[in-house]
Amino acid sequence: LTPAERVERWTTSTCQFCATGCGLQIGTTAGEPVMVRGNPDHPVNQGLLCQKSLHQAEVVRAEGRLGDPQLRDADGELSAVGWDRAFDELVGRLRAVIDEHGPQAVAIYNTGQLLQEEFYTLSKLARGAIKTPNLDGNPRLCMASAVTGYQRSFGSDGPPNAYADLAETDLVYLTGANLHEAHPILGGRLMARLQEGGCKLIVADPRAVQFTRLADLYLPIRPGTDVALLNAMQHVVIRDGLVDRAYLDAHTTGYDEVAALVADWTPQRAAEVCGVPAADIETAGRWFGEANATTSLWTMGINQQTQGVAAVNQMCNLHLMTGQVGRPGAGPFSLTGQPSSMDFRQAGGGGSLPGYRSLAKPEHRQQIADAWGIELEDLPEAPVAAHRIWEGIEAGDIRFLWVIGTNPAVTFPDTRWATEVLRNVETLVVQDVFETETTELADLVLPAAMWGEKAGTFTNSERRVNVLRQAVQPYGRARSDFDIFVEVGRRLGFAEMFPFATTEDAFDEFKALTEGRPCDLRGITYDRLEAEHGLQWPVPDTASPGTPRLYTEGRFNTEDGRAVLHAMDYVPPLEAPDASYPFWLNTGRVQEHWHTMTKTGRMPSVLKRSPENYVEVNPDDARRLGIRSGDRVRLRSRRGQMEVPARVTAKVAPGSLFVPMHFGPKFGSRPVNDLTGRFFDELSFQPALKHTAAALELL
Ligand code: SF4
């Protein structure tokens, strides 16, 4: 029998990799996962799946799964304990730290991969029960600049577009996004539009990604110069009279300041900064201004730089000054990385309160305090960014760190420093589904149920809430993150705050709190999500079909309803190549892998296609240094070094290098983040992982 013929039951779910949010079904036999297939009726992927998704069934029971809680004993060894002992230990140590040092000595660092309901429950636990200000997660490393950018331009977070806009756009501005590798199904939708001749494509990227070959115009910009390029494009739009004055007057503020700033950003001036011919910048600006409907697509290449927010705001400026927001085929579309980073953002998993409420707004804090029955003073007035948590541990102010579903020993910038900090925290609890470089450092390891073993919702990049039904029982004695949070809350003495029997109970409580908020979910039930293949928020009532596009009336979520154009000048990256470190080192993704390969490294079908780390080197640099493909080379930065085989390719420009971000010691390589630095966007506190000064030598 083929695997499909052996399947006894198909269960509705959503892909666990990437925020494209493809609908799928998990096939099981005798309670075990056998295969995965795309849901042909799901509007996101219409039955298609990319390679990591197709092979997901391989990983659910793979070697290295954590099946028992583990506690570090007096000899320094981790050994299995029961859940009772694990909870006693966790709650006992939490209480001791809070009693002696206060709740600000506790920190929780989570992920963009929990279920929406788990984020809401965790938010309640962290803010309402533990009362710590220190709650953040790895979305800080990937989406924080987009979040802050949207908030500043439109008054609230949340991409305004729908994937369906790709079928209606006449120009795509693709920048800092490698769709073919990181969002393959979405890449296929763009490919289809290009093949039917429906739109032009501009690609602005320092690296020649796959879509560069299909571009009508390629702008190979120097790393970290997007703001200069975007200011010059605005200059061209204004100079050539392509501004939509009626839209600006009716729906925006801030245009005059922007016009004054970009008056000096001629294409010639930007060309010197960006390394792109002035004529091409002219063309890009004109095409943008003349288009009826432009969609801008971006992800980490824009967000992970010291001017990430400024770049997002300049893209929003371009859309606003040409009236290309809230119309079919038009708008600035930030592609989210992780499957539930949107839920982290909207359900309060990090620096915000549930329902996109801001810690900085007293009325928002009051609404949550009232709903949860806590004191207003229990809620902090400002978020604490991830790197501040690490600095707090280093300073001795934070003594208890709970890491959930992420592997900072591979992903945090300046990893050697970050790992040393983890070694030194008084108590490190790590909750995950597999053994990782971070679980190895833990005092207490909590085994979590994974995708397929639990039920809940994910929200994708186009604000579509999708449902995941439970297909199989958790591995060993693993428990869902939701169960763990509820149990800890109850054992801390807050049973009344955690009355939930199921994740849908938590969803119902959360959705009631979204009334009047941009992410209104009140019309959603799990059954509707399954029957209608997800719904795009806002969904204010059960009759609502969802909302594919935001701001269609030109009314934004600011106090006065107007979008804000921001004048922001170009500032060079904080670290740039010099005589000692002459290369730009860029990091990114490959299609086969997901994050630190915790899962994909255990999927034989994809691992064999991408088994080892590498560095891409331009042929000119390779010739000069005597490097051929396959030679082992050493990369160095001011913070660390690594040895990998070289791949000589013109994908990277002369003077540039590229290394995937996935590989760590468990998969045969030092993490590339040993080399990246602690440089941050000053508005979003997102690290600038895309541009590091590095040296390269043949071994
Ligand atoms: Fe999964 Fe993303 Fe691939 Fe879709 S594009 S199948 S969500 S990894």
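Residues numbered from 1 in each chain as written. Predicted model: local features only at pLDDT ≥ 70, side-chain atom pairs only at ≥ 80, totals over all residues.

Formally: UniProt positions are given in the numbering used here, feature names are shortened, and annotations may be inferred rather than shown by experiment.
Where an unreviewed UniProt entry is consulted, the protein chain appears under the name Nitrate reductase catalytic subunit, with the organism given as Egicoccus halophilus. In its Sequence similarities (unreviewed entry) section, UniProt records this for the protein chain: "Belongs to the prokaryotic molybdopterin-containing oxidoreductase family. NasA/NapA/NarB subfamily."

**Observations regarding the sheet that holds strand S5 (residues 78-80)**
Cut-off, in case you're wondering: Being paired, for any two strands, means DSSP has found at least two bridges between them. Working definition: helices are DSSP H or I runs of at least four residues, strands are E runs of at least two. Numbering for both runs from the N terminus. Axis geometry follows a simple rule: fit a line to the C-alpha atoms, using only the stretch in contact for helices, then measure angles between N-to-C directions, giving values from 0 to 180 degrees. C-beta atoms are first placed from the backbone for all residues, and any pair lying within 7 Å is then listed as a contact.
The strand order across the open sheet built from seven strands is S5-S4-S18-S17-S16-S6-S7, with neighbouring strands paired in mixed fashion. Every interior strand has two partners, whereas the edge strands, S5 and strand S7 (134-137), have only one. Strand after strand, the sheet turns through a mean of 15° between neighbouring axes, direction not considered. The pairing of strand S6 (residues 106-110) with S7 spans four bridges and is classified as parallel. Within S7, the residue paired with Tyr109 across the bridge is Asp136. The strands touched by helix H3 (residues 83-101) are strand S4 (70-72), S6, strand S16 (400-404), strand S17 (427-432) and strand S18 (444-447); relative to S18, the strand with the most contacts, the crossing angle is about 130°.

**Digging into the UniProt feature "domain: 4Fe-4S Mo/W bis-MGD-type" (unreviewed entry) in the protein chain**
In the numbering used here, UniProt assigns the feature "domain: 4Fe-4S Mo/W bis-MGD-type" (unreviewed entry) to residues 8-64. Taken end to end, residues 8-64 is 7% helix and 35% strand, and its two terminal C-alpha atoms sit 27 Å from one another.

**Quick notes on the nonpolar core**
Condition: Each nonpolar core comprises buried Ala, Val, Leu, Ile, Met, Phe, Trp, Tyr and Cys residues, the members being joined through C-beta atoms within 7 Å. The exposure scheme places C-beta atoms from the backbone and then counts, for each residue, the other C-beta atoms within 10 Å of its own, assigning buried at 20 or more, exposed at 12 or fewer, and partly exposed in between.
Within the largest apolar cluster, 181 residues are counted, with the highest numbers of intra-cluster contacts made by Leu174, Ile202, Leu229, Met233, Phe288 and Leu401. A per-element tally of this core places helix H15 (residues 308-321) first, with nine residues. Ignoring sequence-local partners within four residues, the contact set of Ile202 consists of Tyr173, Leu174, Ala215, Asp216, Leu217, Leu219, Ala284 and Trp287. Counting residues in each nonpolar core, the second largest holds 27 residues, with Phe583, Tyr614, Phe658 and Ala693 among its members.

**Observations concerning the environment of Asn138**
In this fold, Asn138 is placed in the loop between S7 and helix H5 (139-142). Looking at Asn138, the number of C-beta atoms within 10 Å reads 27, which means it is buried. With 227 residues separating them along the chain, Asn138 and Arg365 place their C-alpha atoms 24 Å apart. When residues no more than four places from it in sequence are discounted, the contact partners of Asn138 are Thr111, Gly112, Thr406 and Thr411.

**Focus on helix H12 (residues 267-274)**
Put simply, the rule reads: As used here, the arc belongs to the directions running from the helix axis to the C-beta atoms.
For H12, every residue scored as buried is listed here: Pro267, Ala270 and Cys274. For H12, the buried positions fall inside an angular range of 60° around the axis, keeping them on one side. One or two residues past the end of H12 sits Gly275, with phi positive at roughly 75°.

**A word on the site of the ligand**
What counts, and what does not: Residue proximity rests on one test: whether the C-beta atom, placed from the backbone, lies within 6 Å of the molecule or strand. Any residue that is not Ala, Val, Leu, Ile, Met, Phe, Trp, Tyr, Cys, Pro, Asp, Glu, Lys or Arg is counted as polar, Gly included; the first ten are nonpolar and the last four charged. Domain segmentation is taken from an automatic or database assignment of domains.
As a structural note, the neighbourhood of the ligand is formed by 14 residues, with Cys15, Cys18, Cys22, Cys50 and Ser53 the closest of them. Contributing elements (two or more residues each) for the shell around the ligand: helix H2 (51-54) and helix H8 (184-195). Taken together, the residues of the shell around the ligand sort by class into eight nonpolar, five polar and one charged. Each of domain 1 (3-58) and domain 3 (160-335) gives at least three residues to the shell around the ligand.

**What to know about the sheet that holds strand S8 (residues 171-175)**
Sheet strands associate in pairs through backbone hydrogen bonding, adopting either a parallel or an antiparallel arrangement. Within the open sheet, the five strands sit side by side as S10-S9-S8-S12-S13. Their pairing is parallel. Two strands lie at the open edges of the sheet, namely strand S10 (217-219) and strand S13 (331-334), each paired on one side alone. Averaged over all pairs of adjacent strands, the angle between their axes in this sheet comes to 15°, without regard to strand direction. The sheet contact formed by S8 and strand S9 (residues 200-204) spans five bridges and is parallel. Following the sheet pairing, Val172 is matched in S9 by Leu201.

**Quick notes on the packing of helix H9 (residues 226-239) against helix H11 (residues 255-262)**
What describes two packed helices is the angle between their axes and the distance between those same axes. Note the threshold: Each angle gets one of four labels, with under 35 degrees taken as roughly parallel, over 145 as roughly antiparallel, 65 to 115 as roughly perpendicular, and the rest as oblique.
The geometry of H9 relative to H11 is characterised by a closest axis approach of 9 Å and an angle of 105° between their N-to-C directions. The pairing of H9 with H11 is recorded here as roughly perpendicular in orientation. Counting all contacts with H9, which are made through Asn231, Gln234, His235 and Ile238, the residues of H11 involved are Val258, Ala259, Leu261 and Val262. Residue composition of the contact of H9 with H11, grouped by class: five nonpolar, three polar and no charged.

**Details of the pairing of strand S19 (residues 456-459)**
Here S19 shows a buried face lined by Gly456 and Phe458 and a second buried face lined by Thr457 and Thr459. Pairing of S19 with strand S20 (residues 464-468) involves four bridges; the strand directions are antiparallel. Looking at S20, one finds that Thr457 is bridged to Val467. Counting the residues that bridge the hairpin from S19 to S20 gives four residues, and of these Arg463 lies at a positive phi of roughly 70°.

**Quick look at unusual backbone geometry**
Following Trp537, the chain continues to Pro538 via a peptide bond in cis, the omega torsion being 0°. Secondary-structure assignment places Pro538 in the loop between strand S21 (535-536) and strand S22 (563-564). The phi dihedral of His595 is positive, around 45°, even though this residue is not glycine. Its place among the elements puts His595 in the loop between strand S23 (583-588) and helix H24 (604-607). On the basis of neighbour count, His595 is assigned to the buried category, with 26 C-beta atoms found within 10 Å. Despite not being glycine, Met597 has its phi angle at roughly 65°, a positive value. Among the secondary structure elements, Met597 is positioned in the loop between S23 and H24.

**What to know about the pairing of strand S12 (residues 294-298)**
Most of S12 is tucked away: five of the five residues are buried. Neither face of S12 is left uncovered, since the one carrying Thr294, Ser296 and Trp298 and the one carrying Thr295 and Leu297 both have all their residues buried. Judged from the five bridges that link them, S8 and S12 form a sheet pairing that is parallel. Looking at the pairing, Thr175 lines up with Trp298 of S12. Looking at chain direction, S12 and S13 are connected through four bridges and run parallel.

**Things to note about the packing of helix H4 (residues 116-130) against helix H21 (residues 481-491)**
Inclusion rule: The hand of a helix crossing depends on one turn: near helix anticlockwise from the far one by less than a right angle means left-handed, and clockwise means right-handed.
Where H4 contacts H21, the two axes come as close as 9 Å, and the packing angle between them is 20°. In terms of orientation, H4 and H21 fall into the roughly parallel class. Between H4 and H21 lies a crossing whose hand is left-handed. Across the interface between the two elements, Glu117, Glu118, Thr121, Leu122, Leu125 and Ala129 from H4 touch Asp481, Phe482, Phe485, Val486, Val488 and Gly489 from H21.

**So, the domain arrangement of the protein chain**
Looking at the assigned domains, one finds that the protein chain contains domain 1 (3-58), domain 2 (70-138 + 341-536), domain 3 (160-335) and domain 4 (583-698). The centre of domain 1, based on its C-alpha atoms, is set 34 Å off from the matching centre of domain 3. In this assembly, seven residues from domain 1 lie in contact with seven residues from domain 3. Grouping the amino acids of the side of domain 1 that touches domain 3 by side-chain chemistry returns five nonpolar, two polar and no charged.

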